[in-house]
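Analysis of the macromolecular model
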Amino acid sequence: MATTEKKFASQADLEEKTISFDKLSENAYAYTAEGDPNTGIIIGDDAVLVADTQATPVMAQDVIRRIREVTDKPIKYVLLTHYHAVRVLGASGYKPEHIIASQDTYDLIVERGEADMKSEIERFPRLFQAVESIPGLTWPTMTFKGEMTLWLGRLQVKLMQLGRGHTKGDTVAWLPDQKILLSGDLVEFGATPYAGDAYFKDWPHTLDAIAALKPEKLVPGRGAALTTPAQVQEGLAGTRAFVTELYAAVKASAQSGKALRDVYKDTYARLRPTYGKWVIFDHCLPFDVTRAYDEATTYPDPRVWTAQRDKEMWHSLEG
Ligand SMILES: [Zn+2]
């Protein structure tokens, strides 16, 4: 670790990424950017669904431009896989008829949407291009509990809560006929899972539920689209290994009575050889270890991050 304090979160990350727009089938595309947040696109007979929006309406315009290269069907639906600002605050750019989320995600927006917006903008300024174009929080117009089905003409799209993991409200989109899954941040590939709002004990079970669907292609929350069953397995296994190892390490340290700062240093040293090459490793680890420590000790539910709590935590672990 560097001897001087690391710059807070990703404030030092200024390098632009290369965007890919990959066709997974006649109906599914992946907008990915080398580990920046992904957007999934589902094109039905009569309408388009966009899963996760990018961080600002201005950034959404590049997604729309790519969609318009392959279809002129209206973008009627935006799906929020969860509440994080970097994925939802571009929604107004699509002018959708409906914004769909789980009721649990809606409840999180009510409870902590405002605090999360301020916190995320300060953590990762590069990901909020034209931040002034954000009109405010994104409010779902349609919510569901557990599962709902959208019929885009003859194309069946299942929106499902398979369990808690990255957040309480995680939702996946599933094309059963084509075995294609859009996972949101429940699965990452070559990118470090952010777990500051996670349920570590539940997450592996939710990954089991995803694996049970036997997806053949998968758009992760971050990282390249997974286009073969073997790649999907690799994405699921990598995410599972990270979440499981981190939680086990933190729990053992916490139960031996160590202070959070020491737990963090031990866990960082232990995970870095395996996972340090994944993007945003240094950004995520302090948040992930803090949440794992909370879950292993006294907080079954994630505490709200605020811009101030972010910086106090960072200073106490990295200072
Ligand atoms: Zn997220």
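Up top you'll find the structure we're talking about.
Residues numbered from 1 in each chain as written. Predicted model: local features only at pLDDT ≥ 70, side-chain atom pairs only at ≥ 80, totals over all residues. Heavy atoms only, no water.

Overview of the coordination of the zinc ion
Any two of four tetrahedral donors ideally make an angle of 109.5 degrees at the metal, while pairs among six octahedral donors ideally make 90 or 180 degrees. Here the zinc ion is held by the protein donor atoms His82 (NE2), His84 (ND1), His166 (NE2) and Asp185 (OD), which lie 2.1 to 2.3 Å from it. Geometry at the zinc ion is irregular, judged from its four donor atoms and the angles of 90 to 176° they form at the metal. (Donors = N, O, S within 2.8 Å, 3.2 Å for Na, K, Ca; no water. Tetrahedral: all angles 85-135°; square planar, octahedral: opposite > 155°, others 65-115°.)

Digging into the environment of Asp202
The topology assignment puts Asp202 in the loop between strand S11 (180-184) and helix H4 (203-212). Its relative accessible area of 23% is what places Asp202 among the partly exposed residues. Placed 39 residues apart in sequence, Asp202 and Gly163 show a C-alpha to C-alpha distance of 7.1 Å. (Helix = DSSP H or I, 4+ residues; strand = E, 2+ residues; numbered from the N terminus. Buried < 20%, exposed > 50% of the residue type's maximum accessible area, 1.4 Å probe, protein only.)

Section: the sheet that holds strand S3 (residues 36-43)
Read from one edge of the open sheet, seven strands run S1-S2-S3-S4-S5-S6-S7, paired in mixed fashion. Sheet topology places strand S1 (20-23) and strand S7 (142-144) at the edges, where each strand pairs with a single neighbour. Here the average twist between neighbouring strands, direction ignored, is 20°. Packed onto the sheet, helix H3 (residues 103-123) meets strand S6 (98-102) and S7 and runs at close to 95° relative to S6. (Pairing = 2+ DSSP bridges. Axes fitted to C-alpha atoms, helices over the stretch in contact; angles between N-to-C directions. Contact = heavy atoms within 4.5 Å.)

Here we look at the sheet that holds strand S10 (residues 172-175)
Taken together, the five strands give an open sheet; going across it, the order is S8-S9-S10-S11-S12, and neighbouring strands pair in mixed fashion. Looking at the sheet topology across the chains shown, the edges are occupied by strand S8 (147-152) and strand S12 (217-220). Taken over all neighbouring pairs, the strand axes of this sheet differ in orientation by 20° on average, direction set aside. Sheet topology places S11 next to S12; four bridges connect them, and they run parallel. Directly across from Gly184, in S12, lies its bridge partner Pro220.

Some thoughts on the environment of Pro135
Within the secondary structure layout, Pro135 lies in the loop between H3 and S7. Among the residues examined, Pro135 registers a relative accessible area of 63% and is labelled exposed. For the pair formed by Pro135 and Gly90, sequence separation is 45 residues and the distance between their alpha carbons is 8.9 Å. Setting aside residues up to four positions removed in sequence, Pro135 forms contacts with Pro57, Leu89 and Ser92.

Section: the pattern of salt bridges
The final tally for this structure, using the stated rule, is 22 salt bridges. Salt-bridge contacts for Glu111 lead to Arg112; the nearest nitrogen and oxygen are separated by 2.8 Å. Judged by its relative accessible area of 7%, Arg112 is buried. Across the salt bridge formed by Arg112 and Asp197, the nearest N and O atoms sit 4.0 Å from each other. Here Arg112 is found in helix H3, whereas its partner Asp197 is found in the loop between S11 and H4, with 85 residues between them in sequence. If you follow the salt bridges from partner to partner, you end up with Asp62, Arg65, Arg66 and Glu69 in one network. (Salt bridge = Lys/Arg side-chain N within 4 Å of Asp/Glu carboxyl O.)

So, the nonpolar core
If you look at the biggest cluster of nonpolar residues, it comprises 77 residues, and the most contacted ones within it are Ile41, Ile210, Phe242, Leu246 and Leu285. Formed by 23 residues, the second largest nonpolar core is a distinct cluster that contains Ala30, Leu49, Leu79 and Ile100. (Core = buried A, V, L, I, M, F, W, Y, C linked by side-chain atoms within 4.5 Å.)

Quick word on the packing of aromatic side chains
Enumeration according to the criterion identifies twelve aromatic pairs in this entry. Consider the rings of Tyr275 and Trp278, whose centres lie 4.9 Å apart with planes at 55°: the pair is tilted. Trp278 carries the same exposure label as Tyr275, and that label is buried. When the centroid spacing of 5.1 Å and the interplanar angle of 80° are considered together, the rings of Phe287 and Trp305 count as edge-to-face. Of the two residues, Phe287 sits in helix H7 (residues 281-296) while Trp305 sits in the loop between H7 and helix H8 (307-318), which places them 18 residues apart along the sequence. Neither residue differs from the other here; Phe287 and Trp305 are each classed as buried. Pairwise contacts between aromatic rings join Phe8, Tyr194, Phe287, Trp305 and Trp314 into one cluster. A cation sits over an aromatic face here: Lys311 above Phe8, 5.0 Å from the ring centre. (Phe/Tyr/Trp six-rings, centres within 6.5 Å; stacked < 30°, edge-to-face > 60°. Lys NZ or Arg CZ within 6 Å of the ring centre and 35° of its normal.)

Some points on the packing of H7 against H8
Their axes nearest at 11 Å, the elements H7 and H8 cross at an angle of 95°. On the basis of their axis angle, the class for H7 and H8 is roughly perpendicular. From H7, Asp282, His283, Pro286, Phe287, Thr290 and Asp294 reach across to H8, where they touch Arg309, Asp310, Met313, Trp314, Leu317 and Glu318. For the contact of H7 with H8, the residue count by class is five nonpolar, two polar and five charged. (Parallel < 35°, antiparallel > 145°, perpendicular 65-115°, else oblique. Nonpolar A, V, L, I, M, F, W, Y, C, P; charged D, E, K, R; others polar.)

Structural notes on H4
Considered for burial, the residues of H4 that qualify are Trp203, Pro204, Thr206, Leu207 and Ile210. Down the axis of H4, the smallest arc covering the buried residues is 155°, so these residues share one side. Turned more than 90 degrees away from the buried face of H4 sit His205 and Ala212, all of them exposed. The inward-facing, buried residues of H4 contact S10, S11, S12 and helix H5 (229-255). (Arc of directions from axis to C-beta.)

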